[in-house]
Amino acid sequence: MISKMSMANPFKKIVSAVILDLDGTLLNTDGLVSDVLKGFLVKYGKQWDGREASKIVGKTPLEAAAAIVEEYGLPCATEEFIAEITPVFSDQLCKIKALPGANRLIKHLSGNNVPVALASNSPKASIKSKISYHQGWQESFSVIIGGDEVRTGKPSPEIFLEAAKRLNVEPSSCLVIEDSLPGVMGGKAAGMEVVAVPSLPKQSHLYTSADEVINSLLDLRTEKWGLPAFEDWIEGTLPVEPWHIGGPVIKGFGRGSKVLGIPTANISTEGYSMLLSEHSSGVYFGWSGLSTRGVYKMVMSIGWNPYFNNAEKTIEPWLLHEFDEDFYGEELRLVIVGYIRPEANFTSLESLIAKIHGDGRIAERALDLPLYSKYRDDPYLRGSSL
């Protein structure tokens, strides 16, 4: 007989309800905020450079506005700033896209009858407006609670405790999923389990109080918390809604062949910043088309490559084929069909190289599955416009 003590507990902690944040967790609001602020600050002779992003993430609208007015020395009161910018935001709400994995998570929890609350520092009317553009969201939440329904917003635990009360569950039985530090702090102060999904790059090290830090919602393993597991992973891969990107092959960092022994075919990210902001960093795979050569399997990384600590978000595709010559300047088109894993740092170059080759083997096998192989015939790969 095996004693209970010797059996490893597969769960971090069993929960019965989930509390989700909205902006930066489910919706790519940060991209819209940057666009609106860029346009708005120009008239004051200022330039939004994103340096204040960390000061406004997770804050109430009033706190965020006050931070911007102060940092940029704007000649207006915080209230005036809000009055002027709110209509501009409101007109753009329909353009906010769901973050990778958000629709999948909401559908999964709802389909498995897991009680879900939406708790955001935004006013409730704003929350309802934002989610109205996303099919099935409104009815998937048992509770929706805004920052204007509590006395103090995050990082106070009040909004989380109120959400648990309305869900009729104990705070200790709730799992909070948050992108911001104020949200993580509020969830922990409420006595809840917290998974952090940082919305700002290279910030994971700041989230030490979270019970788990993940790269994106695609990496959430609900079974760790005693919730029903996702059943859509196939042979180490997760199908994603296919998307396209392309351009002439450019000289990269000079490390693909020389340092790693893996020749990557880099394409410029110029003009693609909005598209890249819609996709989480990580390792993906799909099909690649070279204008004069044909179609090949490929695996690629998106992100900052923690081992080399890139300054900008890049795309580095590796075409799974032996080529006799370089093809700089040739048009390369990619259709991305699946996800393998989040970006990771490595203690040695050897372990990084081994992992990349492992990713290549996973992609090589997966692309033979009918689910993925059908995209080999995507017209985009052969130069047809979208």
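Computed from a predicted structure; not experimentally measured.

Here we take up the pairing of strand β4 (residues 174-178). Of all 5 residues making up β4, 5 are buried, and the element is well covered by its neighbours. Burial along β4 is two-sided: the face carrying C174, V176 and E178 and the face carrying L175 and I177 are both buried. Two elements, strand β1 (residues 17-20) and β4, share 4 bridges in a ladder whose sense is parallel. The residue of β4 that forms the bridge with I19 is V176. Where β4 meets strand β5 (residues 193-196), 4 bridges bridge the pair, whose relative direction is parallel. Looking at the pairing, E178 lines up with A196 of β5.

Below, the discussion takes up the packing of aromatic side chains. Counting across every chain of the model gives 4 aromatic pairs. Their ring planes at 75 degrees and their centres at 5.0 Å tell us that Y296 and F323 sit as a pair that is edge-to-face. Of this pair, Y296 sits in strand β10 (residues 294-303) while F323 is found in the loop between β11 (314-319) and β12 (331-341), placing the two residues 27 residues apart along the sequence. By relative accessible area, which is 23% here, F323 ends up partly exposed.

Here we come to the environment of V213. In this structure, V213 sits in strand β6 (residues 212-213). Residue V213 is classed as partly exposed on the basis of its relative accessible area of 35%. As for V213 and I177, which are separated by 36 residues in sequence, their C-alpha atoms are 9.8 Å apart.

What follows covers the nonpolar core. One finds L20, L26, F81, L118, W137, F141 and I177 to be the most contacted residues of the largest nonpolar core, which totals 48 residues. At the level of elements, β1, α1 (29-42), α3 (61-72), α4 (78-92), α5 (102-111), β2 (116-119), α6 (124-131) and β4 are the ones that each hand at least two residues to this core. Setting aside residues up to four positions removed in sequence, F141 forms contacts with L20, L26, I106, V116, A117, L118 and I131.

What follows deals with the packing of α3 against α4. Two elements in contact, α3 and α4, have axes separated by 9 Å at closest approach and are oriented at 110 degrees. Overall, the two elements α3 and α4 adopt an arrangement that is roughly perpendicular. On α4, the residues touching P61, L62, A65, A66, I68 and V69 of α3 are T78, E79, F81 and I82. A per-class count over the contact of α3 with α4 returns 8 nonpolar, 1 polar and 1 charged.

Along the chain, the position of H108 falls in helix α5. A relative accessible area of 11% places H108 in the buried class. At 2.7 Å, the side chain of H108 and the backbone oxygen of P228 are in polar contact. Sequence-distant contacts of H108, that is, excluding residues within four places in its chain, are made with T222, P228, A229 and F230.

On average, residues of the chain score 86 in pLDDT, and 89% of them reach the 70 mark or higher. Across residues 1-8 the pLDDT falls below 50, and counting only partners more than four positions away or on other chains, this stretch makes 1 contact in the model. This model gives residues 254-259 a pLDDT under 50, and the stretch forms 14 contacts once residues within four places in sequence are excluded.

Here we come to unusual backbone geometry. Trans peptide bonds make up most of the peptide bonds, and negative phi angles are found at most residues other than glycine. K154 connects to P155 through a cis peptide bond whose omega is 15 degrees. Note that P155 resides in the loop between β3 (143-145) and α7 (158-167). For N113, which is not glycine, the phi dihedral falls at a positive 55 degrees. Overall, N113 belongs to the exposed group, its relative accessible area being 67%. In this model, N168 sits at a positive phi of 65 degrees, which is unusual for a non-glycine residue. As for its placement among the helices and strands, N168 is situated in the loop between α7 and β4.

In this section: the sheet that holds β6. If you walk across this open sheet you meet the 6 strands as β3-β2-β1-β4-β5-β6, and the pairing is parallel. Strands with a single pairing partner mark the edges of an open sheet, and in this sheet they are β3 and β6. Pairing between β2 and β3: 3 bridges, direction parallel. Bridge assignment links A117 to a residue of β3, and that residue is V143. The strands touched by α6 within the sheet are β2 and β3, with β3 carrying the most contacts at an inclination of about 125 degrees. Packing of α7 onto the sheet brings it into contact with β1, β2, β3 and β4, and relative to β3 it is tilted by some 155 degrees.

In this model, α1 (14 residues) spans 20 Å end to end at C-alpha, consistent with the 20 Å of a helix rising 1.5 Å per residue. Here α1 has its buried residues at T29, G31, L32, V33, V36, L37, F40 and L41.

For β11, the buried fraction is high: 6 of the 6 residues fall into the buried class. The two faces of β11 match: T314, E316 and W318 on one face and I315, P317 and L319 on the other face are all buried. Across 6 bridges, the pairing between β10 and β11 is antiparallel. Residue pairing across strands places M300 opposite P317, the latter belonging to β11.

Reading guide: rules and limits
- Residues numbered from 1 in each chain as written.
- Predicted model: local features only at pLDDT ≥ 70, side-chain atom pairs only at ≥ 80, totals over all residues.
- Heavy atoms only, no water.
- Buried < 20%, exposed > 50% of the residue type's maximum accessible area, 1.4 Å probe, protein only.
- Helix = DSSP H or I, 4+ residues; strand = E, 2+ residues; numbered from the N terminus.
- Pairing = 2+ DSSP bridges.
- Phe/Tyr/Trp six-rings, centres within 6.5 Å; stacked < 30°, edge-to-face > 60°.
- Core = buried A, V, L, I, M, F, W, Y, C linked by side-chain atoms within 4.5 Å.
- Contact = heavy atoms within 4.5 Å.
- Axes fitted to C-alpha atoms, helices over the stretch in contact; angles between N-to-C directions.
- Parallel < 35°, antiparallel > 145°, perpendicular 65-115°, else oblique.
- Nonpolar A, V, L, I, M, F, W, Y, C, P; charged D, E, K, R; others polar.
- Polar contact = N/O pair within 3.5 Å; in protein donor to acceptor, adjacent residues only side chain to side chain.
- pLDDT = per-residue confidence, 0-100.
- Expected span 1.5 Å × (residues − 1).

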